[in-house]
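Observations on the model geometry
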Amino acid sequence: MLQVRQKSSIPAAIDVNRRTAEAGIPLSWDRYEEQLPLCGFTQNGLNCSACLQGPCRINPFGDAPSHGICGIDAAQMVLHSLVEKVRRGAIDHVNVWLSGVGEHEPAATLSSEKATAALASRLPAPVLAHLAERSLLPRDVVLDVVTAGDPFFVDRGMLEQTRSSLLRLGVCAIVSSLGVCQATSATARGRSEAPSPPSSDGVMILLDGVAPAGFVARLEASLASQDDVGLASTSQVHASGARFLVPGSPELAVASGLADFVIQSELGGYPSLGDLCDQMDIPHLTIASGDGWPDLADVLQRARAHHTRQARPLLDGGEAMESPADGWPADIGETVRTAVRQGAVRGVVLLVVGTNIRQTHFERTAGVVKGLLAHDVVVLLAADAVRAAHLLDDLPAAAGRVLQALMRGRSRPWFSAGSVFESARALEVFGPLAGAEGFGAAPVAATFLEIPSFAFLAAAIGWLGLGVSTQIGSPLPIWGSPSITRWMTDESRPWWGARLLASPELASPEEQVQQLVRELDARK
């Protein structure tokens, strides 16, 4: 494994990477290096497999080929690629919602049109008006993600219609996220007590992916009386109560020796974990929503049989995660609005981070969070950013006096918004800041520093659709078409009501902070 110190900003993860490399156990970074050089056509959106005549690619330098077999040019190919990626991400959000995560009654048993209307009604009234005016308000997220078209792919005169489809797909992701937030909040309220944080020397069961809510409830109940067994998770979706979350990729959790038993879900599970568990002789199984659930007594027996009290660096100093369902002050939205109006707080930024293998994990997270805190910005963390921030002990010192006062005795100067599928929880803070024009003049923004999957991309486009300027820190597949790049970044603010902050070259954390601060100041 080359340049191991460039893989993650978490020292324990670097140590795990080194040890697995010495043991000859391949992880994602090894497989990534085997793929290099990556396909430049695909990275720039100039590779199309929309039919079985291709795949086709277009030369970005003006030479042949300049069109696909069906006749599309670079702009059509790039935008079609983006729409389909956002559609796939929106489907992931809808699937998590419909899986009934955290709910006693799965949403799939309801009318999806009625459920969509009920969820959309939770959006701030000015934002609803903004969406309705632009025909972006979904009527039925299940139907909308299937039927949203890309007419620009066929007719170059239908760019605006394709823009509507793109944003509507993103808004479907945010509306589905509202459903997940509602479900996980209900689950957290239904717990008699929060799960205890796992012990670094106890038996450890690791959940990977978004497991069925009923199974998670059964598992937690069965572990309630097991003092020597802990439950860790790679996903915050079903971790609305206090539970340790593993920092970094699921592979690191297994390779570090953290897990004595791994339970994977078909929804969001990491493909390589089964093989990795086999290599390390760790018992594991996969569950699906429609399957019968495993015998938990057998799971516990096999986990204890595997257990060894070995060093587990990813758990050293670990603590239970704050619940996004009940970790915020009930009046946080109004408190922040008052602070903004008094000029004490500059604004609010939702910071969503995945772990993209092409970027050093969490390298930007610490710098951007510290920079925003230093500028008196309230920070809401989502997805892997929550896990990373728990390991950054010097963050409280970065918060100014105003933010220290807002913390009200909290040990952390930021607030957890949950997983990427729960990022709509940020509306509890954003909502009171909305004005007559929605979020168009509100000092709020979102930043996606690392985007590992289409679900993150769909959420980013969704926040744009809601009128929230959004910064993207991972390469986007749009740079192959200068016209689509201008249309996405420079020319669309009057229609979007927000700016897409992105560039082919990744800015430094300091530059990203300044970009966000300027955007907040411009919206006051």
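Residues numbered from 1 in each chain as written. Predicted model: local features only at pLDDT ≥ 70, side-chain atom pairs only at ≥ 80, totals over all residues. Heavy atoms only, no water.

1. Points about the environment of Val 229
Short version of the rule: Segments assigned H or I by DSSP are reported as helices when at least four residues long, segments assigned E as strands when at least two residues long, and all are numbered from the N terminus. Between buried and exposed lies partly exposed: a residue is buried under 20% and exposed over 50% of the maximum accessible area for its type, with that area taken using a 1.4 Å probe on protein chains only. A contact between two residues is defined here by any heavy atoms of the two lying within 4.5 Å.
Take Val 229: it is sitting in strand β4 (residues 229–233). Note on Val 229: relative accessible area 11%, which makes it buried. Spatially, the C-alpha atom of Val 229 lies 7.4 Å from that of Ile 205, the residues being 24 residues apart in sequence. Each residue touching Val 229, except ones within four places of it in the same chain, is listed here: Val 203, Ile 205, Leu 223, Leu 300 and Arg 304.

2. Concerning the confidence of the model for the protein chain
Caution applies to low-pLDDT parts of the model: their predicted coordinates are not meant to be read in detail. Our working rule: Note: pLDDT gives the predictor's confidence per residue, expressed from 0 to 100.
Residues with a pLDDT of 70 or more make up 80% of the protein chain, whose mean pLDDT is 80. Looking across the protein chain, the model is least confident in strand β5 (residues 244–245), with a mean pLDDT of 55, and most confident in helix α19 (residues 454–465), with 94. The model gives residues 102–109 a pLDDT under 50, and that stretch makes 13 contacts with residues more than four places away or in other chains. Scored below 50 in pLDDT, residues 313–326 shows 59 contacts in the model against residues more than four places distant or in partner chains.

3. Notes on the packing of aromatic side chains
What counts is decided by this rule: Only centres within 6.5 Å qualify two rings of Phe, Tyr or Trp (six-membered ring in Trp) as a pair; their planes then separate them into stacked at under 30 degrees, edge-to-face at over 60, and tilted for everything else.
Counted according to the given criterion, the structure contains two aromatic pairs. A ring pair is formed by Phe 430 and Phe 439, whose centres lie 6.1 Å apart and whose planes are at 75 degrees; its orientation type is edge-to-face. Each member of the pair, Phe 430 as well as Phe 439, is classed as buried. Classification of Phe 430 by relative accessible area gives buried; the value is 0%.

4. Observations concerning the side chain of Thr 470
Selection criterion: Definition of a polar contact: a pair of N or O atoms within 3.5 Å, with one able to donate and the other able to accept a hydrogen when the atoms are protein atoms, and with sequence-neighbouring residues admitted only if both atoms are side-chain atoms.
Mapped onto the secondary structure, Thr 470 falls in strand β12 (residues 469–472). Within the local environment of Thr 470, its side chain forms a polar contact with the backbone oxygen of Val 468, the two atoms lying 2.9 Å apart. Apart from residues no more than four positions distant in its own chain, Thr 470 is found in contact with Ala 446, Phe 448, Ala 460, Trp 463, Leu 464, Arg 499, Leu 500 and Leu 501.

5. A few points about the pattern of salt bridges
The condition that has to hold: What makes a salt bridge here is a side-chain nitrogen of Lys or Arg within 4 Å of a carboxyl oxygen of Asp or Glu, nothing more.
Counted according to the given criterion, the structure contains 10 salt bridges. Between Arg 31 and Glu 251 there is a salt bridge, with its nearest N and O atoms 2.4 Å apart. In this pair, Arg 31 is assigned in helix α2 (residues 28–35) and Glu 251 in helix α10 (residues 250–255), connecting sequence segments 220 residues apart. The exposure class assigned to Glu 251 is buried, which follows from its relative accessible area of 1%. The salt bridge partner of Arg 134 is Glu 133, with a shortest N-O separation of 3.7 Å. A relative accessible area of 17% places Arg 134 in the buried class. Given a relative accessible area of 65%, Glu 133 falls into the exposed group.

6. A few points about the pairing of strand β9 (residues 377–383)
Going by this rule: Paired strands, in this sense, are two strands between which DSSP finds at least two bridges. The definition of a right-handed crossover adopted here requires that, viewed with the strands pointing away, the path from the first strand over the helix to the second runs clockwise.
Burial analysis of β9 places seven of its seven residues in the buried class, the great majority of the element. For strand β8 (residues 347–353) and β9, the ladder comprises seven bridges, and the chain directions are parallel. Residue Gly 347 lies in a different strand from β9, and its bridge partner there is Val 377. At this point the chain moves from β8, through helix α14 (residues 363–374), to the parallel β9, and the crossover so formed is right-handed.

7. A word on the packing of helix α4 (residues 74–98) against helix α20 (residues 482–489)
Note the following rule: Interaxial angles span 0 to 180 degrees and are taken between N-to-C directions of axes, which are lines fitted to C-alpha atoms, for helices over the stretch in contact. The labels follow the angle: roughly parallel below 35 degrees, roughly antiparallel above 145, roughly perpendicular from 65 to 115, and oblique for the rest. Amino acids outside the nonpolar list (Ala, Val, Leu, Ile, Met, Phe, Trp, Tyr, Cys, Pro) and the charged list (Asp, Glu, Lys, Arg) are all regarded as polar, and Gly is one of them.
For the pair α4 and α20, interaxial distance at closest approach is 8 Å and the crossing angle is 50 degrees. As summarised for this structure, α4 and α20 are arranged oblique, according to the angle between their axes. Along its contact with α4, which presents Ala 75, Val 78, Leu 79 and Leu 82, the element α20 presents Ser 483, Ile 484, Trp 487 and Met 488. Of the residues that constitute the contact of α4 with α20, the class distribution is seven nonpolar, one polar and no charged.

8. Here we look at the nonpolar core
What counts here: Throughout this description, the term nonpolar core refers to a set of buried Ala, Val, Leu, Ile, Met, Phe, Trp, Tyr and Cys residues connected via side-chain atoms within 4.5 Å.
Counting 90 residues, the largest nonpolar core has Leu 350, Phe 430 and Trp 463 as the members making the most contacts within it. Broken down by element, the residue count for this core peaks at 12 residues, all from α4. If we ignore the near neighbours within four places in the chain, the residues touching Trp 463 are Ile 174, Leu 350, Ser 423, Ala 424, Ala 426, Leu 427, Phe 430, Ala 446, Phe 448, Val 468 and Thr 470.

9. Concerning α14
Among all positions in α14, only Arg 364, Thr 365, Ala 366, Val 368, Val 369, Gly 371, Leu 372 and Leu 373 are buried. Once α14 finishes, Asp 376 follows within two positions and takes phi at roughly 55 degrees, a positive value.

10. Structural notes on the packing of α4 against α19
Where α4 contacts α19, the axes come no closer than 7 Å and their chain directions differ by 100 degrees. Between α4 and α19, the interaxial angle falls into the category roughly perpendicular. Within the contact between the two elements, α4 uses Leu 82, Lys 85, Val 86, Arg 88, Gly 89, Ala 90, Asp 92 and His 93 and α19 uses Phe 454, Ala 455, Leu 457, Ala 458, Ala 459 and Ile 461. Split by residue class, the contact of α4 with α19 holds nine nonpolar, two polar and three charged.

11. Let's talk about the pairing of strand β6 (residues 261–265)
Where burial is concerned, most of β6 is hidden: five out of the five residues are buried. By the alternation rule, side chains of β6 split into Phe 261, Ile 263 and Ser 265 and Val 262 and Gln 264, which are all buried. Two elements, strand β3 (residues 203–208) and β6, share four bridges in a ladder whose sense is parallel. Residue pairing in the sheet places Leu 206 in a bridge with Val 262 of β6. With four bridges joining them, β6 and strand β7 (residues 284–287) adopt parallel strand pairing.

12. Quick look at the environment of Asp 260
One can find Asp 260 in the loop between α10 and β6. In this structure the C-alpha to C-alpha distance between Asp 260 and His 306, which are 46 residues apart in sequence, comes to 5.7 Å.

13. Some details on the sheet that holds β8
Read from one edge to the other, the open sheet built from six strands follows the order β10-β9-β8-β11-β12-β13, with strand pairing classed as parallel. A strand with exactly one partner marks an edge of an open sheet, and here the two such strands are β10 (415–416) and β13 (500–501). As paired elements, β12 and β13 share two bridges and run parallel to each other. Across the sheet, the residue bridging to Gln 471 is Leu 501, located in β13.

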